[in-house]
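Per-entry structural report
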Amino acid sequence: MTKPLLRALKGDPSAPAPIWLMRQAGRYLPEYREVRAEAGGFLNLCFNPAKATEVTLQPIRRYGFDGSILFSDILIVPHALGQKVAFEAGEGPRLDPIRQRSAIPDFDPAKFDKAAEAVYEAVERIKAALPPEVTFIGFAGAPWTVATYMVEGAGSKDYANAKKWFYSEPEGFQTLIDRITEATIHYLSTQIRSGVEVVQLFDSWAGALSSDDFRRWVIEPNRRIVKALRELHPGVPVICFPRGAGLMYEEFLAIVEPDGVGLDTTVPVEWAARTLQPKACVQGNLDPLALVAGGAALDSAIDRICDALAGKPFIFNLGHGILQETNPEHVSHLVKRVRERTAFGR
């Protein structure tokens, strides 16, 4: 029998609805914190295949999710392209910023794979260890989101340097987007060849752009990646997550044509059921802070999502990543309630 998550992505509703959570392997779990402390830092953990395998499997053992997402980071791509990437404790990522076309790194597949080989080894190990009913999800950052880190040199509130670059020299910025796009196709294709069964593109900062800029820097690169992967790996589903897309979700879905679309917390689920779900599997979109709060507020939020979206192609997830302060018992409750609420479909 086809795995529940794969079935949903191919347009066949599952009852109960499949579940996985963004950042399901992370600091809210005590067992994760122990392994990270042993690894001596976040990147060390990402590049240690045995430890990356262990933390990927931890939430599967604890909760029995239907999907297991590779433990890694979207900044593996700039690292593998040759940009210096580091993670400062309590401050997030730091990169040597790229601000002009001449500084854009070349894409050499052999050098890229050498830099990312620990990730590919982790994929192989995880694939061998996962329960047979669990779908293995690989991922990468979408080009616009990755570009913001490469240009800003860190996280940003306004993406001022990236925007100034594409406003003042759009062709130079296009070169950067094209380079990331090419590398991302290669990276995800290699993840698929190594064992993942689904891939997700995270465009976490898509909502920072105007509609015209969204079309150029979000829709078009995502479209190219989805098209290329579909040609290289027919039948392997792609989920896109253009966080903050708002009214642009409908146009994004029509042009990019992913198998699944991740809904952020702001998307009205009733609208998504009418407008998006007839065209693709929808995934989402519980507020991570509702999961932190627990109790009646959590139950009400779960029920509203399930009432609107279950019984059609649907994957239960969050509207963004799980937060560090989340009580692990709240996650156990979420899994139980979603499965009870969707056991007989809609």
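Sequence order as written defines the numbering, with residues in each chain counted from 1. Reporting in this predicted model follows two pLDDT cut-offs: at least 70 for local features of residues, and 80 or more for side-chain atom pairs to be given and counted; totals over whole chains, interfaces and linings ignore these cut-offs and use all residues. In computing side-chain values, all of the structure's heavy atoms are included and hydrogens and water are not.

**Notes on the UniProt feature "domain: Uroporphyrinogen decarboxylase (URO-D)" (unreviewed entry) in the protein chain**
UniProt positions are given in the numbering used here, feature names are shortened, and annotations may be inferred rather than shown by experiment. In the numbering used here, UniProt assigns the "domain: Uroporphyrinogen decarboxylase (URO-D)" (unreviewed entry) feature to residues 18–27 and 137–153. Helical segments are the DSSP runs of H or I of at least four residues, strand segments are the runs of E of at least two, and each set is numbered from the N terminus. As annotated, residues 18–27 has a helix share of 0% and a strand share of 0%, and its two end C-alpha atoms lie 23 Å apart. The span residues 137–153 carries 59% helix and 29% strand; its end-to-end C-alpha distance comes to 28 Å.

**Let's talk about the packing of aromatic side chains**
Only Phe, Tyr and Trp rings are paired, with Trp represented by its six-membered ring, and only when their centres lie within 6.5 Å; those with planes under 30 degrees apart are stacked, over 60 edge-to-face, the remainder tilted. One pass over the structure, following the stated rule, counts 20 aromatic pairs. Aromatic pair Trp-144 and Phe-166: ring centres 5.9 Å apart, planes at 65°, arrangement edge-to-face. Here Trp-144 is found in helix α7 (residues 143–152), whereas its partner Phe-166 is found in helix α8 (residues 160–168), with 22 residues between them in sequence. Whether a residue is buried, partly exposed or exposed follows from its accessible area with a 1.4 Å probe, protein chains only, as a fraction of its type maximum: under 20%, in between, or over 50%, in that order. Residue classification places Trp-144 among the buried residues on the basis of a relative accessible area of 0%.

**Observations regarding α8**
Listed as buried for α8 are Ala-162, Trp-165 and Phe-166. All buried residues of α8 fall inside an arc of 90° around its axis, so they share one side. In α8, the exposed positions angled more than 90 degrees off the buried face are occupied by Lys-164, Tyr-167 and Ser-168. The inward-facing, buried residues of α8 contact α7, α9 (170–194) and α10 (211–232). The directions considered for the arc are those from the helix axis to the C-beta atoms. The criterion used for residue contact is that any of the two residues' heavy atoms lie within 4.5 Å.

**Notes on the pairing of strand β4 (residues 135–141)**
With seven of its seven residues buried, β4 lies for the most part within the structure. On β4, burial covers both faces: Thr-135, Ile-137, Phe-139 and Gly-141 on one face and Phe-136, Gly-138 and Ala-140 on the other are all buried. Where β4 lies against strand β5 (residues 198–203), five bridges are found, and the strand directions are parallel. Residue pairing for β5: Ile-137 is matched across the bridge by Val-198. By this definition, two strands are paired if DSSP reports at least two bridges between them.

**Brief notes about α9**
Multiplying one less than the number of residues by 1.5 Å gives the expected span of a helix. In this model, α9 (25 residues) spans 36 Å end to end at C-alpha, consistent with the 36 Å of a helix rising 1.5 Å per residue. Within α9, 19 of the 25 residues are buried, which leaves it mostly tucked inside the rest of the structure. One or two residues past the end of α9 sits Gly-195, with phi positive at roughly 145°.

**Description of the sheet that holds strand β8 (residues 281–286)**
Here seven strands make up an open sheet; going across it, the order is β1-β4-β5-β6-β7-β8-β9 and the pairing parallel. Either end of the sheet is taken by a strand with one partner, and the two such strands are β1 (67–69) and β9 (314–318). Strand-to-strand twist in this sheet, taken as the mean axis angle between neighbours without regard to direction, amounts to 25°. Pairing between strand β6 (residues 238–242) and strand β7 (residues 260–262): two bridges, direction parallel. Among the inter-strand pairings, Ile-239 is bridged to a residue of β7, identified as Gly-260. Every axis corresponds to a line fitted to the C-alpha atoms, with the helix fit spanning only the stretch in contact, and the corresponding angles, defined between N-to-C directions, vary from 0 to 180 degrees. The sheet contacts of helix α14 (residues 295–309) involve β8 and β9, and relative to β8 the element is tilted by about 165°.

**Quick notes on unusual backbone geometry**
Residue Pro-16 is reached from Ala-15 by a cis peptide bond, and omega for that bond is 0°. Mapped onto the elements, Pro-16 comes out in the loop between α1 (4–9) and α2 (30–39). For the peptide bond that leads from Gly-284 to Asn-285, omega is -15°, which places it in the cis range. The backbone of Tyr-159 sits at a positive phi, close to 55°, despite the residue not being glycine.

**Some details on the UniProt feature "binding site: substrate" (unreviewed entry) in the protein chain**
In the numbering used here, UniProt assigns the feature "binding site: substrate" (unreviewed entry) to Arg-23, Gln-24, Ala-25, Gly-26, Arg-27, Asp-73, Tyr-149, Ser-204 and His-320. The greatest C-alpha distance among the residues just named is 22.8 Å, and with 298 residues of sequence between them they are spread in space as well. In this structure, Asp-73 sits in the loop between β1 and α5 (76–81). Within polar-contact distance, the side chain of Asp-73 engages the backbone nitrogen of Leu-75 at 2.9 Å. Within the secondary structure, Tyr-149 sits in helix α7. Residue Tyr-149 is classed as buried on the basis of its relative accessible area of 11%. N or O atoms closer than or at 3.5 Å make up a polar contact, with two conditions inside protein: a donor-capable atom paired with an acceptor-capable one, and, for residues adjacent in sequence, both atoms drawn from side chains.

**Looking at the environment of Gly-246**
On the secondary structure map, Gly-246 appears in the loop between β6 and α11 (249–256). Separated by 40 residues in sequence, Gly-246 and Ala-206 have C-alpha atoms that sit 9.7 Å apart.

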